Amino acid sequence: MESKKTSKKVVTAKDKQLENHTVDYTDKPMTTRQGLKVNDTNNSLKAGPRGATLLEDFLLREKIHNFDHERIPERIVHARGSGAHGYFELYESIEEYSKAGIFTDTSRKTPVFARFSTVAGSKGSTDLARDVRGFAVKFYTDEGTWDLVGNNMPIFFIQDAMKFPDLIHSVKPEPHQEIPQAASAHDTFYDFVSLTPETLHNHIWVMSDRAIPRSLRMMEGFGIHTFRLINKEGKAHFVKFHWKPKLGVHSVTWDEAVKISGADSDFHRRDLWNAIEAGNYPEWELGLQIVPEEDEHKYDFDLLDPTKLIPEEMVPVKIVGKMVLNQNPENFFAETEQVAFMPGSIVPGIDFTNDPLLQGRLFSYRDTQLSRLGSHNFHQIPINKPVGEARNNQRDGHMQTEIPKGRTAYFPNSISAGCPYLSTVAEGGFESYQERIDAKKIRTRSASFNDHYSQPALFYRSLSNWEKEHVMSAYSFELGKCEFKHIKERMLYLIGQIDTDLADKVAANLGMKVPSTIQEPVNQAIGADANVEEQQPSKKKIYLDKSPKLSQANTNFDLIETRQIAVLVADGFHMKDFKTMADALKQKGAVIKLIAPHGGSVTCDEGMEHKVDAAIMTTESVLFDALFIPGGKKSVDALVSKFIKFINETYKHCKAIAVTNEGKQVLDKSEIEDFENDAALFINGTPDDFIGAIAKHRNWDRREKAEKIPA
Ligand code: HDE
């Protein structure tokens, strides 16, 4: 991972462009919006000190008028998000597949802006909702802007854009009472899901740990749809896009998610911001799954069906480059809020397929910007501007900020010598891929889209035991929050189609039985005249026993960079113990936080003062990855009474714990019983042991004992 210490910050063409739009008020007098210097912004103009305010007060009117209009509509989905700038660089040219500059020119550092988001919640909702995460990247390429607007899960809930409003209406707060916020655990969502079995695959991912990431920097990203890459000869290959995080894919437990939502609902936003400010720039590698056009029908699933992934064991992911996020936005609203992603923004060398979900998205994103940003000139907002100039005859409208020269705004023209002029394909003009089409116009769903059970079952089979347990608990929690028995029954039936053992366990938690059949056809997501029998989900197939790449148990476990280590200290803590451990952790890039019974500072046994990062009353164990308690009798005595919950919880969430010397006495007072046989609990252990356990993220072998801890 690059860091400020080892690398110079890369300044991209987009950085320079944004600088021209950035305003800095340092050492400057306040003015009105018209540039008039202001001498009082605290008192309105009145008829006498206690008299009525005068209509004449243009200063009051301007200030209040602006305030009245500060808000814009939040995104209908993905309202809650956090963004950052950075760049993308290519490792080696893949010109045999794509002619895009971004995929052929290894000397470029293409500027990017990435925005990560939850889907269902409002702008101010918690970061830790159980939800899909958006993973949208805007590449400001020399040939125009390319937006790869993906998610942190490789598949989607529905197969056709026509169903998107239904899906979103079902998961959003119920319309009569606007409850619940940022949560799928309610009846309308499960009513829809249980009647629409194509949702099952994405849904089981949402029940998995993927839906509660430890950090936005520790999740994968996926373009989901099958796209096309086009080379210079016009030859196409199908492609699926993957983002692989350097730090691996890691999650928190549901119990932590619930508590983090209370302790710091900006947890992910803060984590991304802090990492970048500290120079720990997050990185993802871009990978491609490439399928020759000739192989389109070779698979047991349809490549155009967005509810299906291509297992990496069938088509490996070819890593082609990396994205580094190295700069926080200057202003949240101007950049993160106003950024407008559109899957329709592509560049020569990349093209669409007929995936019916993708096709619908091509319309929606441009359209929604109008109600969000208020003008079709939204591409002129600095964050949305391409790095090259945008030049055409599209004119006027609200908030035109450019002054196009000349007397023509049409094409063809002779008055302006045909400018702006067209480019041939050889000159970089965009040409759509010439796909051969020979079909009847028809409103239906392809029968090749009918397999809704095989891939959720593959996903579940591929998980480790601890992941499976989390999935089972998530289903139980979510369905336990539903009121309608018939909805829960339908869901149990469908879960049973994925895995009978899973369904039985969830049913037991609900105090119900898995029905052997259900009355109504489970697929209402078809037309009134459709052949219901033909369109029922097809039987589960097993074309791959397991796909190990789908399990987080097989992610990277070798880094502890940016991991947050809570060190519990009070006056008199043992400096030598502390320094040995802290130096080793810092050397590996971990972040040390001193947590004390009070704020201010504490004095170690060598008489030095140390600034406290957080007092116990302002923090919680769930905000940290691991815990260290150095020795020092006086310190430990002061900790014992105040930190028991912190320690119990750290243990309960299966995190690494190290104590040295008298530090053990704090553990003795906790609910932890078995110190000896725990691979992530160290009494006077070496820093290397502790570091190894932190890198493993969690000691899931502890989970049975951990569950008994009352925290
Ligand atoms: Fe989106 N989606 N979506 N979506 N989506 C939006 O566009 C939509 C879908 C995704 O950080 C909206 O600017 C339709 C799949 C992300 O600004 C809207 C359909 C995937 C973001 C919209 C889908 C996504 C959005 C709302 C079904 C993963 C946040 C605000 C046809 C591949 C981008 C906006 C950001 C945002 C529509 C399905 C990802 C309304 C109609 C599949 C990451 O246009």
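Per an unreviewed UniProt entry, the recorded name for the chain is Catalase, and the organism is Zobellia barbeyronii. UniProt lists a comment for the chain under the heading Function (unreviewed entry), and it reads "Decomposes hydrogen peroxide into water and oxygen; serves to protect cells from the toxic effects of hydrogen peroxide." Recorded under Catalytic activity (unreviewed entry), the UniProt text for the chain is reproduced unchanged: "2 H2O2 = O2 + 2 H2O".

So, about the overall build of the chain. Of the regular secondary structure elements, the chain holds 21 helices and 18 strands. Over its C-alpha atoms the chain spans a radius of gyration of 28 Å, differing by no more than 12% from the 27 Å that the globule rule assigns to 711 residues. Looking at the 711 residues of the chain, the share that counts as buried comes to 41%. Restricting to contacts in the chain with at least 6 residues of sequence separation, those with at least 24 account for 75%.

Annotation of the chain at the domain level lists domain 1 (454-553) and domain 2 (557-707). Just the C-alpha atoms count here: the centres of domain 1 and domain 2 sit 41 Å apart.

As for its placement among the helices and strands, Q394 is situated in the loop between α10 (356-373) and α11 (454-462). Taking the C-beta count within 10 Å as the criterion, Q394 has 12 such neighbours and is therefore assigned exposed. In the structure, Q394 is positioned 202 residues away from F192 in sequence and 42 Å away in space, judged by C-alpha atoms.

Turning our eyes to something else, we now look at the environment of H697. Tracing the backbone through its elements, the reader meets H697 in the loop between α20 (687-695) and α21 (703-707). Between the alpha carbons of H697 and G248 there is a distance of 10.0 Å; along the sequence they are 449 residues apart. Every residue in contact with H697, bar those within four places of it in the chain, is listed here: H250 and F557.

Now for the site of the ligand. Neighbouring residues of the ligand: 26 residues in total, closest R75, H78, G134, A161 and S364. For the shell around the ligand, the secondary-structure elements that each account for two or more residues are β2 (110-118), β3 (133-141), β4 (144-151) and α10. It is α10 that provides the largest number of residues to the shell around the ligand, a total of six residues. Taken together, the residues that form the shell around the ligand break down as 14 nonpolar, nine polar and three charged.

With an omega dihedral of 0°, the bond running from F411 to P412 counts as a cis peptide bond. For A417, which is not a glycine, the phi torsion comes out positive at approximately 55°. Structurally, A417 is set in the loop between α10 and α11. The exposure class of A417 is exposed, given the 8 C-beta atoms found within 10 Å.

Pairing within the open sheet is parallel, and its six strands lie in the order β15-β12-β11-β16-β17-β18. Each edge of the open sheet is held by one strand with a lone partner, namely β15 (614-615) and β18 (681-683). With three bridges joining them, strand β17 (residues 656-659) and β18 adopt parallel strand pairing. Paired with A658 across the strands is F682, a residue of β18. This element, α20, spans β16 (626-629), β17 and β18 of the sheet and lies at about 165° to β17.

Glancing now at the packing of helix α13 (residues 485-498) against helix α14 (residues 500-510). Packing of α13 against α14 brings their axes to within 6 Å, and their N-to-C directions diverge by 155°. Put simply, α13 runs roughly antiparallel to α14. Along the contact surface, α13 presents K488, L492, I495, G496 and I498, while α14 presents T500, L502, A503, V506, A507 and L510.

Before going further, it helps to spend a moment on the pairing of β17. Along β17, one buried face is formed by A656 and A658 and the opposite face, lined by I657 and V659, is buried too. Alignment of β16 against β17, held across four bridges, turns out to be parallel. When the sheet's bridge partners are listed, A626 is paired in β17 with A656. The handedness of the β17 to β18 crossover, carried by helix α19 (residues 664-669), is right-handed.

The biggest cluster of nonpolar side chains holds 112 residues, and the ones touching the most others in it are I495 and V506. Top contributing element to this core by residue count: α13, with six residues. Here I495 is in contact with Y475, L502, A503 and V506, once residues within four sequence places are set aside. Counting 44 residues, the second largest nonpolar core, distinct from the first, contains C604, V636, A638 and V659.

Our focus in this paragraph is the packing of helix α16 (residues 575-587) against α20. At a minimum axis separation of 10 Å, α16 and α20 run at an interaxial angle of 45°. Taken together, α16 and α20 sit at an angle that is classed as oblique. Relative to α20, the crossing made by α16 is right-handed. Of the residues in α20, those in contact with T580, M581, A584 and L585 of α16 are P687, F690 and I691. Broken down by class, the residue content of the contact of α16 with α20 amounts to six nonpolar, one polar and no charged.

Attention now moves to α10. Over its 18 residues, α10 runs 27 Å from end to end, which matches the ideal 26 Å to within 8%, given 1.5 Å per residue. Among the residues of α10, P356, L357, L358, R361, Q369 and L373 are the ones counted as buried. Backbone geometry just downstream of α10 places G374 in the positive-phi region, at approximately 90°.

Moving on: α16. Spanning 13 residues, α16 covers 18 Å between terminal C-alpha atoms, matching the ideal 18 Å at 1.5 Å per step. Among all positions in α16, only D577, F578, M581 and L585 are buried. End-on, the buried residues of α16 take up no more than an arc of 90°, which puts them together on one face. Seen from the buried face of α16, the exposed residues on the opposite side, beyond 90 degrees, are D583, K586 and Q587. Along its buried surface, α16 packs onto β11 (564-568), β12 (591-596), β16, β17 and α20.

What follows is about the pairing of β4. With six of eight residues buried, β4 lies mostly within the body of the structure. Taking the residues that link successive antiparallel strands as the turn, the β3-β4 hairpin has two residues.

A few words on the environment of V112. Mapped onto the secondary structure, V112 falls in strand β2. The sequence separation of V112 and K14 amounts to 98 residues, and the corresponding C-alpha distance is 8.1 Å. Not counting chain neighbours up to four residues away, the residues in contact with V112 comprise G86, Y87, F88, V137, K138, F139 and M323.

The rules behind the values
Residues numbered from 1 in each chain as written. Predicted model: local features only at pLDDT ≥ 70, side-chain atom pairs only at ≥ 80, totals over all residues. UniProt positions renumbered as here; feature names shortened; annotations may be inferred. Helix = DSSP H or I, 4+ residues; strand = E, 2+ residues; numbered from the N terminus. Rg over C-alpha atoms; globule rule 2.2 N^0.38 Å. Buried ≥ 20, exposed ≤ 12 C-beta atoms within 10 Å, placed from the backbone. Contact = placed C-beta atoms within 7 Å. Domains from an automatic or database assignment. Near = placed C-beta within 6 Å. Nonpolar A, V, L, I, M, F, W, Y, C, P; charged D, E, K, R; others polar. Pairing = 2+ DSSP bridges. Axes fitted to C-alpha atoms, helices over the stretch in contact; angles between N-to-C directions. Parallel < 35°, antiparallel > 145°, perpendicular 65-115°, else oblique. Right-handed = clockwise from strand over helix to strand, strands pointing away. Core = buried A, V, L, I, M, F, W, Y, C linked by C-beta atoms within 7 Å. Left-handed = near helix turned anticlockwise from the far one by under 90°. Expected span 1.5 Å × (residues − 1). Arc of directions from axis to C-beta.

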